[in-house]
Amino acid sequence: IIPPGLLPDEPTSSAKRDKPSPARPLASALPKAPYVLYSGNLDGYQNLDMFAHAMNRCMEQLPDLHLVMATNNSHLQAHSWAQAHQLPQQRVHFLRIQSVEQLERLHRQCSVAVVPRTAWWGFPIKAINALRFGAPLIGTSESLSSHLSKGGARLCDSNSSSLTDAILSVVGHPQRAQRLR
């Protein structure tokens with residue numbers, strides 16, 4: 001289990017460049033409402049434009065839904081990303097993960113963890129973490145199908161409409177979410 005950007009005894013590259021903002025206790029940083037979890041970097045191959053579009057559509061339909069992004073990108077980069085995609089700032093939370101225990105808690109409490117990338121190479125560590133910690137998992141067929149042929153995740157096509165439908169089919173439906181845990 002490797003939390004995003006957490007290497008023992010070595011600061012992450014973004015931590016070297018950016019002075020980290022003061023960490024809030026995890027309990028006060030998490031929304032009380034249902035949330036979608038994305039854990040990882042904000043790189044282009046993660047397909048975050050599609051994810052942001054899907055999250056906007058989900059948040060329109062579910063006014064209590066929040067997005068928690070566990071990333072070691074700087075808060076400035078993360079907030080700029082959310083603003084550029086017109087995500088409602090009061091419902092988007094950025095956290096720097098300090099420990100495996102924090103990452104586990106995020107996964108255990110989320111409504112669903114999402115892996116939006118479409119890259120076919122390798123198995124995303126964020127998917128391994130979600131499976132390990134028992135979070136319901138949604139990912140694209142291109143990225144996860146060859147690794148999860150016997151279930152374990154709700155797979156969707158690589159477009160925002162399919163991802164929106166997948167998220168909405170799990171959030172607020174405890175029985176469906178439980179089948180993915």
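The residue count restarts for each chain, going from 1 along the sequence in the order it is written. pLDDT decides what is reported in this predicted model: residues at 70 or higher carry local features, side-chain atom pairs at 80 or more are listed and counted, and totals for whole chains, interfaces and linings draw on all residues regardless. Only hydrogens and water are removed before side-chain values are computed, so all heavy atoms of the structure are retained for them.

**A short note on the pairing of strand E3 (residues 92–95)**
Working definition: with a 1.4 Å probe on protein chains only, accessible area under 20% of the residue-type maximum means buried, over 50% means exposed, and in between means partly exposed. Helix and strand definitions follow DSSP, with helices as H or I runs of at least four residues and strands as E runs of at least two, each counted in order from the N terminus. Burial of E3 is two-sided: the residues Val 92 and Phe 94 facing one way and the residues His 93 and Leu 95 facing the other way are all buried. Two strands are counted as paired when DSSP detects at least two bridges linking them. For strand E2 (residues 66–70) and E3, the ladder comprises four bridges, and the chain directions are parallel. Pairing of Ala 70 across the sheet is with Leu 95, part of E3. A clockwise course of the path from the first strand over the helix to the second, judged with the strands pointing away from the viewer, identifies a crossover as right-handed. Regarding topology, helix H4 (residues 75–84) serves as the crossover connection from E2 to the parallel E3, and that connection is right-handed.

**Topic: empty space enclosed by the protein**
With a 1 Å grid spanning the protein atoms alone, the term cavity applies to any set of points in which a 1.4 Å probe fits but cannot get out, the term pocket to an open set with protein on both sides within 12 Å along at least five of seven lines, and the term lining residue to any residue with an atom within 4 Å of a point. Grid points are joined across faces, edges and corners, and a volume is the space filled by probe spheres set on the points. Across all of its chains, the model carries one cavity of 30 Å³ or more by this definition. Reported here for the largest cavity is a volume of approximately 30 Å³. Lining the largest cavity, in full, are Leu 37, Tyr 38, Ser 39, His 107, Ala 113, Val 114, Val 115, Lys 126 and Ala 130. Of all the secondary-structure elements, those providing two or more residues to the lining of the largest cavity are strand E1 (35–39), strand E4 (112–115) and helix H6 (125–132). In this classification, the charged set is Asp, Glu, Lys and Arg, the nonpolar set is Ala, Val, Leu, Ile, Met, Phe, Trp, Tyr, Cys and Pro, and all remaining amino acids, among them Gly, are polar. For the lining of the largest cavity, the per-class residue count stands at six nonpolar, two polar and one charged.

**Structural notes on H4**
Residues spaced three or four apart along an α-helix point in a common direction, a consequence of the helix completing one turn every 3.6 residues. Every buried residue of H4 is listed here: Ala 78, Trp 81 and Ala 82. Axial view of H4: buried residues confined to an arc of 95 degrees, hence all on one face. Along H4, exposed side chains directed more than 90 degrees from the buried face belong to Leu 76, Gln 83 and Ala 84. Contact definition: two residues touch when any of their heavy atoms are within 4.5 Å. Of the surrounding elements, those touching the buried residues of H4 are helix H3 (48–61), E2 and E3. Looking one or two residues past H4, Gln 86 carries a phi angle of roughly 55 degrees, positive in sign. For this quantity, the arc is that covered by the directions from the helix axis to the C-beta atoms.

Any functional reading would require information beyond the geometric quantities listed.
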